[in-house]
Amino acid sequence: MLQEKIRNIAIIAHVDHGKTTLVDKLFEQAGAYGEREEHTERLMDSGDIERERGITITAKNGAFEYEGHWINIIDTPGHADFGGQVERVLRMADGALLVVDAQEGPMPQTFFVLKKALAMNIPVGVVINKIDKPAARPEWVLDQVFDLFVKLNAPDHLLDFPVVYASAKQGYAMNEIGEENDNMAPILDMVIAKIPAPNGDPEAPLQMLVSSLDYTAFLGRLAIGKITQGSLKTNKEIAIIDREGNMRKSKVTKIYRFVKNEKVAVDEAFCGEIVAVAGVDNITVGVTYTDPLDPQPLAPMEIDPPTISMNFVPNDSPFAGKEGEFVTNRHIGDRLAKECLSDVALSYKVLEDRVGFSVSGRGELHLSILIETMRREGYELQVSRPQVIYKTVDGVKHEPFEELTVDVDQEYTGPVIDKLGRRKGRMVSMDQMEGGLTRLVYIIPTRGLLGYKSQFMTDTRGMGMMSYIFHGYGEYAGDITHRMNGALYCMVNCESVAFALANLQERGRLFVGPGPDLYEGQIIGEHSRENDLKVNPGKGKKLTNMRSSGADDATVLVPHKVMDLEDCIAWINDDELVEVTPQSVRLRKMPGFRI
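An account of the accompanying structure is given in this report. Computed from a predicted model, the values in this text were never measured in an experiment.

**A word on the nonpolar core**
Here's step 1: Core analysis: the biggest nonpolar cluster contains 45 residues, and L98 and F149 have the highest contact counts within it.
Here's step 2: For this core, the leading source of residues is helix α4 (residues 108-119), giving five residues.
Here's step 3: Once you skip the residues sitting within four places of it in the chain, F149 turns out to touch L98, L114, L118, V124, V126, A154, L158, L159 and F161.
Here's step 4: In this structure, M374, Y379, V383 and Y489 belong to the second largest nonpolar core, which totals 31 residues.

Have a look at this one:
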């Protein structure tokens with residue numbers, strides 16, 4: 001493969017700005033599918049959780065041929081919690097496509113991913129997507145994108161970025177607003193014309209930085225990276241240099257080139273190609289593959305530090321071991337060690353005061369996705385309330401802050417401003433937008449956002465949008481009240497019955513309905529007052545020989561609130577745990593609690 005015919009591009013965007021749909025259309029219109037081959041929707045979002053939530057969680061590679069050029073696509077996550085993925089996979093790219101919504105314009109994650117791309121000094125092409133929206137305003141968005149480049153101190157040669165207007169959903173793109181076109185060719189042509197071919201000397205000693213990992217049952221762990229110089233052959237000895245500079249030797253057994261979203265085996269790969277390599281045990285992100293006779297390590301990527309930690313401990317509830325396959329502390333530790341090999345933004349350490357592990361990551365979503373993945377794999381565990389990671393600077397306590405952007409209908413701005421003020425948020429700007437929306441920008445402690453999403457959706461009747469990025473560390477902002485209400489929890493082991501729940505629903509909001517088995521200490525609802533309350537949800541109606549008027553009326557229950565994993569993590573206090581199994585998510589008081 002000729003080096004000058006290769007294009008390695010990363011697709012970067014804010015969440016829900018149409019990046020994955022755009023990638024689908026590029027594959028489709030470049031002829032990646034055969035005549036009888038079924039077109040796969042959201043081709044690059046291969047994980048079950050990604051398809052369910054409609055977000056990209058892990059970076060992925062794909063490739064196709066277009067007009068004699070080989071285009072490697074690197075699909076990146078858009079959420080700041082998965083920023084560790086963006087940082088490392090951008091090392092494989094020689095350019096990037098920034099996708100921006102034609103109505104919303106640049107959002108916090110747009111700022112985040114663009115900042116990472118500009119730090120690599122790679123050219124960026126802009127795709128203003130969703131121009132078919134009734135409220136689209138592409139000219140305004142273009143001005144905002146340019147201002148963002150200037151704000152991020154982009155060098156002059158990157159300020160003159162190419163722009164294409166598109167509707168990925170409808171499958172067309174254009175170089176100027178108002179042009180007639182029915183395909184995505186303008187984007188592909190821009191990639192070939194404006195994104196440079198990879199640099200590097202094909203005759204120099206091998207250099208390849210491992211930027212991502214994959215796994216197959218037959219070959220084990222696969223290292224993914226771009227060959228920045230030299231070439232790579234199967235069954236040839238290579239040197240592996242880790243992040244600390246230690247060197248060991250190994251042999252490559254398989255080399256895979258990406259074709260569409262699949263891997264195709266090749267005997268040799270050349271400078272500029274992005275490949276997956278098998279045969280090296282215990283490989284991690286950030287190591288360099290190089291020539292053992294002339295080792296030349298590459299600098300490992302810098303990763304932003306984690307800001308949130310949670311305790312992962314073995315399940316010790318009365319229902320422990322009934323639903324999970326992997327239940328011991330060793331099982332949990334082995335799984336975390338495996339995850340840290342591929343997710344460089346994640347770290348963990350053994351707890352000193354109890355059995356379990358303290359796991360640190362970028363945010364609530366980052367850790368909740370890990371927990372959800374583990375439970376689907378058969379793991380059973382308990383997790384604590386998320387805690388921010390503090391720092392001490394010159395003897396003063398510092399904590400992480402986020403830049404929060406909120407788009408909300410004008411009639412709901414009052415409750416939002418009130419709640420964010422209580423959570424120590426400081427308003428930076430307030431702008432009126434088209435369609436009766438108000439955009440609020442806050443600097444707020446990370447603690448203030450823990451558990452806020454559900455309250456925000458309630459206050460805005462589900463119509464508001466919020467997003468945030470890491471702003472930096474600042475002085476401790478003071479105490480923040482996490483939850484105003486106490487918990488309703490079981491005083492005995494029992495089976496919940498409708499009669500008891502009908503009486504308890506007057507005391508607060510229930511999280512369970514009639515029928516499930518419950519245990520002492522399990523939380524079944526939120527108390528209407530500040531204190532916790534012990535209750536008996538298994539107490540049935542007493543039977544007598546006497547009847548009274550209304551005694552046989554049907555029991556009427558208000559529908560209980562179904563709490564998913566993220567709801568539970570956001571709701572709990574410091575003295576509570578979330579019990580997670582493959583089949584259930586339960587709330588409980590910590591063992592040994594006293595009220």
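**What about the packing of aromatic side chains?**
Here's step 1: A full pass over the atoms with the stated rule returns ten aromatic pairs.
Here's step 2: Seen from their ring centres, Y452 and F456 are 5.8 Å apart, and the 45° between their planes marks the pair as tilted. Separated by four residues within a single helix, Y452 and F456 lie in helix α12 (residues 452-459), roughly one turn from each other.
Here's step 3: Of the residues examined, Y452 reaches a relative accessible area of 0% and is grouped as buried.
Here's step 4: Ring centres of F470 and Y473 lie 6.0 Å apart, and the angle between their planes is 70°; on these two criteria the pair is classed as edge-to-face.
Here's step 5: The class of Y473 is partly exposed, set by a relative accessible area of 24%.
Here's step 6: An aromatic cluster of three or more residues is present, and its members are F146, F149 and F161.
Here's step 7: Just above the ring of W140 sits the side chain of R137; from NZ or CZ to the centre is 3.6 Å.
Here's step 8: For the cation-ring pair, K391 lies above Y473, with the distance from its terminal atom to the ring centre recorded as 4.4 Å.

**Focus on unusual backbone geometry**
Here's step 1: A positive phi angle is found at E67, which is not glycine, with a value near 50°.
Here's step 2: If you trace the backbone, E67 turns up in the loop between β2 (60-66) and β3 (69-75).
Here's step 3: Positioned with a positive phi, D394 is a non-glycine residue whose angle comes to about 55°.
Here's step 4: Looking at D394, the relative accessible area reads 78%, which means it is exposed.

**Considerations on the sheet that holds strand β5 (residues 124-129)**
Here's step 1: One open sheet accounts for seven strands, arranged β2-β3-β1-β4-β5-β6-β7; its pairing is mixed. Looking at the sheet topology across the chains shown, the edges are occupied by β2 and β7 (172-174). Recorded for the sheet is a direction-independent mean angle of 25° between the axes of neighbouring strands.
Here's step 2: Pairing geometry for strand β1 (residues 6-13) and β3, over six bridges, is parallel. Residue pairing in the sheet places I11 in a bridge with D75 of β3.
Here's step 3: The sheet strands contacting helix α5 (residues 138-151) are β4 (95-101), β5 and β6 (163-167), and the helix crosses β5 at an angle near 150°.

Cut-offs and rules
- Residues numbered from 1 in each chain as written.
- Predicted model: local features only at pLDDT ≥ 70, side-chain atom pairs only at ≥ 80, totals over all residues.
- Heavy atoms only, no water.
- Core = buried A, V, L, I, M, F, W, Y, C linked by side-chain atoms within 4.5 Å.
- Buried < 20%, exposed > 50% of the residue type's maximum accessible area, 1.4 Å probe, protein only.
- Helix = DSSP H or I, 4+ residues; strand = E, 2+ residues; numbered from the N terminus.
- Contact = heavy atoms within 4.5 Å.
- Phe/Tyr/Trp six-rings, centres within 6.5 Å; stacked < 30°, edge-to-face > 60°.
- Lys NZ or Arg CZ within 6 Å of the ring centre and 35° of its normal.
- Pairing = 2+ DSSP bridges.
- Axes fitted to C-alpha atoms, helices over the stretch in contact; angles between N-to-C directions.

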